[in-house]
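One-letter residues, chain by chain:
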Amino acid sequence: MAGRLYGVGLGPGDPELVTVKAARLIGEADVIAFHSARHGRSIARGIAAPYRRDGQIEEPLVYPVTTETTDHPGGYRGALEDFYADAAARLATHLDAGRDVVVLCEGDPFFYGSYMHMHKRLAGRYETVVVPGVTSIAGAAAELGRPLVEAEETLTVLPGTLPADELATRLAAADSAAIMKLGRTFGAVRDALESAGRLDDAWYVERATTAQQRISPLRDVDPATVPYFSVALLPSRVHASTAAALPAAADLPVPGGLTVVGLGPAGREWLTPQAQAALSEATDLVGYGPYLDRIPANPRQTRHPSDNRVESERAEFALTLAARGRRVAVVSSGDPGVFAMASAVLEVAATDPYTDIPVAVLPGLTAAQAVASRVGAPLGHDYAVISLSDRLKPWDVIEERLTAAAAADLVIAIYNPASKSRTWQVEKARDLLLTHRGPDTPVVLGRDVGGDGERVSVVRLADLTPDAVDMRTLLIIGSSQTRHVNGTVFTPRRYPLSVPGEDPGPRP
């Protein structure tokens, strides 16, 4: 079976601009082919290097000529035609042997790309896949920081090898333009821009997106310093005219408001897109220091970290910022409405002078859900959520609620089971629950789920000890129906009938 031919675009030079698909194919290929001049160095080979693997076959396609003259009977064009025919035959040998061949190409394979010469000669004989790449024009415009076209403008792409008079005519009529193939044509291109009255609008970008990048007004560039890998740009005139009329970003009014954002139990993969959008739009981030540390730094934003025991003060500070016109995100781990900041913020927002400040609450994945997912479905039936912290409510209230939930045979998710100063509550709660549950009742202990210190285990209720629990641990105490089977913990949806023969009704 013949191999497959891939023409893979690598983008303008930065290896991080290689597409995910291109990177995968480069790593999987049997044969890597790349063009180079006779000095043997290959820009394409260098861009692809991070995605290569050991043991791949290399096929350097070395041009016999670049800009110099040749004594080939067919001249420059004849020398290249023979070279392309030979290169195609070499690649066909690999394809006939069943090897997949990736031909590397800077930029996009079908945009002035070197790969197209192989495609013409081999695509009719072998299965062929072309992977597009970021063009040098796109890379140059991005680095220049100016749009190429806006509104109804059209973009004209021109090779610098056109006759100077034709180049000038087309540039004079163009809205926006990109001129490729500079190098030794640069002087003629500059003259054409000046003749068209566009020289003052033109920009020069050399080796865009690489460490050797150079950006300059084109009029200031010495023709003797211009390499082939450069481009001339005439950016959007519409953008230039409208941008000048807009106020500076610092002068724009910032609508005030406050959003309480649930971060989920751990990293960014646990964050909802809605929460991510709210964080990105915020001017100020307020929260417990370790929670703020989970959000990537952005110099545009101001962070206001605080201790974890000052919820009311934190809420008042955040609302004061919002009252001054700031867009504030108050962050909470897990879900902000479950033993977290939403209630603290809303309590303060219900008092003067904050009653007119809009407050939104965005949900997050709770710690109970995260821990439950690691072992199966212990929360598959009715359950209660109780905090063992007696900092904001007395212990006798906690005991009453534990007793009620246990007597009702509910699965119980226990938050804040212990801290450095609270060490006896776990043992006290265990003994209370054992008056209503059997000693073999499964207990799930989940610590830092989704984080670097994740630890999840299942023990018998009778074997639950305080030394296995800290403030970052969540406990799930099973009901009488919760089962622990082959490492999985689940609570069945159907509960035993209390009256023999009674119809439980339709199930959702």
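Predicted model, so just to flag it, every value in this text is computed and none were measured. (Residues numbered from 1 in each chain as written. Predicted model: local features only at pLDDT ≥ 70, side-chain atom pairs only at ≥ 80, totals over all residues. Heavy atoms only, no water.)

Here's the deal with the sheet that holds strand β13 (residues 302–306)
Judged by pairing direction, the sheet is parallel, and its five strands sit side by side in the order β13-β12-β14-β11-β15 without closing on themselves. Every other strand in the sheet has two partners, leaving β13 and β15 (359–362) as the edge strands with one partner each. Pairs of neighbouring strands in the sheet enclose a mean axial angle of 20 degrees, with direction left out of account. Strand direction decides the pairing type here: strand β11 (residues 257–262) and β15, joined by four bridges, are parallel. For T259, the partnering residue across the bridge sits in β15 and is A360. Contacting β11, β12 (284–288), β14 (327–332) and β15, helix α9 (residues 273–281) crosses the sheet at an angle of about 140 degrees to β11. Of the strands in this sheet, β11, β14 and β15 touch helix α12 (residues 341–349), which is tilted by about 170 degrees from β15. (Pairing = 2+ DSSP bridges. Helix = DSSP H or I, 4+ residues; strand = E, 2+ residues; numbered from the N terminus. Axes fitted to C-alpha atoms, helices over the stretch in contact; angles between N-to-C directions. Contact = heavy atoms within 4.5 Å.)

Re a nonpolar patch on the surface
Together, I43, Y228 and F229 line one region of the surface with nonpolar side chains, adding up to about 290 Å² of accessible area. Of note, I43 is situated in helix α2 (residues 43–48). (Patch = residues over 30% accessible without salt bridge, like charges linked within 9 Å, V, L, I, M, F, W, Y side chains within 5 Å. Areas by Shrake-Rupley, 256 points an atom, 1.4 Å probe, with all protein chains shown as cover. Salt bridge = Lys/Arg side-chain N within 4 Å of Asp/Glu carboxyl O.)

Some thoughts on the sheet that holds strand β19 (residues 442–447)
Spatially, β17-β18-β21-β19-β20 is the arrangement adopted by the five strands of the open sheet, whose pairing is mixed. If you trace the sheet from one side to the other, it starts and ends with β17 (383–387) and β20 (455–460), each paired once. The mean inter-strand angle of the sheet, taken between neighbouring strand axes irrespective of direction, is 20 degrees. Of the strands in this sheet, β17 and β18 (411–415) are in contact with helix α14 (residues 395–407), which crosses β17 at around 165 degrees.

Some points on the packing of aromatic side chains
In total, this model carries nine aromatic pairs according to the counting rule given. Ring plane angle 80 degrees and centroid distance 5.9 Å describe the contact between F186 and Y204, whose orientation is recorded as edge-to-face. Of this pair, F186 sits in helix α7 (residues 186–195) while Y204 sits in strand β8 (residues 203–206), and the two are 18 residues apart along the sequence. Judged by its relative accessible area of 0%, Y204 falls in the buried class. Cluster of aromatic residues (ring-pair linked, three or more members): Y63, F83 and Y84. (Phe/Tyr/Trp six-rings, centres within 6.5 Å; stacked < 30°, edge-to-face > 60°. Buried < 20%, exposed > 50% of the residue type's maximum accessible area, 1.4 Å probe, protein only.)

Comments concerning unusual backbone geometry
Cis geometry is found at the peptide bond from D352 to P353, where omega equals 5 degrees. The topology assignment puts P353 in the loop between α12 and β15. At K181, a residue that is not glycine, the phi angle is positive and equals roughly 55 degrees. Among the structural elements, K181 can be located in the loop between β7 (176–180) and α7. At D409, a position not held by glycine, the phi torsion is positive, near 60 degrees. Residue placement: D409 occurs in the loop between α14 and β18. Residue classification places D409 among the buried residues on the basis of a relative accessible area of 15%.

Re the packing of α14 against helix α15 (residues 425–434)
It is at 10 Å that the axes of α14 and α15 come closest, and there the two elements cross at 35 degrees. Two packed elements cross with a definite hand, and for α14 against α15 that hand is right-handed. Contacts between α14 and α15 pair W395, E399, L402, T403 and A406 from the former with Q425, K428, A429, L432 and L433 from the latter. Within the contact of α14 with α15, the residues separate by chemical class into six nonpolar, two polar and two charged. (Left-handed = near helix turned anticlockwise from the far one by under 90°. Nonpolar A, V, L, I, M, F, W, Y, C, P; charged D, E, K, R; others polar.)

Observations concerning the pattern of salt bridges
Following the criterion strictly, the structure yields 24 salt bridges and no others. A salt bridge links R24 to E28; its shortest N-O distance comes to 3.2 Å. Of this pair, R24 and E28 both sit in helix α1 (residues 20–28), four residues apart, which is roughly one turn of the helix. Here E194 and R190 are joined by a salt bridge, their closest N and O atoms 3.8 Å apart.

Quick look at helix α6 (residues 164–173)
When α6 is considered as a whole, its buried residues turn out to be L167, A168 and L171. The arc that holds every buried residue of α6, seen down its axis, measures 100 degrees, which confines them to one face. Opposite the buried face of α6, by more than 90 degrees, sit the exposed residues D165, T169 and A173. Looking at the packing, one finds that the buried side of α6 touches β6 (155–159), β7, α7 and β10 (230–234). (Arc of directions from axis to C-beta.)

Regarding the environment of P50
With respect to the element layout, P50 can be found in the loop between α2 and β3 (57–62). The spatial distance from the C-alpha of P50 to the C-alpha of L10 is 12 Å, given a sequence separation of 40 residues.

Side note on the side chain of K393
Tracing the sequence through the fold places K393 in the loop between β17 and α14. Within the buried set, K393 has no salt-bridge partner at all; the shortest N-O distance to an opposite charge, 8.5 Å, is to D390. From its side chain, K393 meets the backbone oxygen of S387 in a polar contact 3.1 Å long. In contact with K393, not counting residues within four places along its chain, are S387, I398 and R401. (Lys, Arg positive; Asp, Glu negative; His and termini not counted. Polar contact = N/O pair within 3.5 Å; in protein donor to acceptor, adjacent residues only side chain to side chain.)

Examining the environment of P109
Here P109 is to be found in the loop between β4 (101–105) and α4 (116–122). The exposure class assigned to P109 is buried, which follows from its relative accessible area of 0%. Between the alpha carbons of P109 and A23 there is a distance of 15 Å; along the sequence they are 86 residues apart. Not counting chain neighbours up to four residues away, the residues in contact with P109 comprise G7, V8, G9, Y115, M116, V130, V131, P132 and G133.

Focus: α1
Residues of α1 that are buried: A22, A23, L25, I26 and G27. Looking at the buried side of α1, the elements it contacts are β1 (5–9), β2 (31–36), α2, β4 and β5 (128–131).

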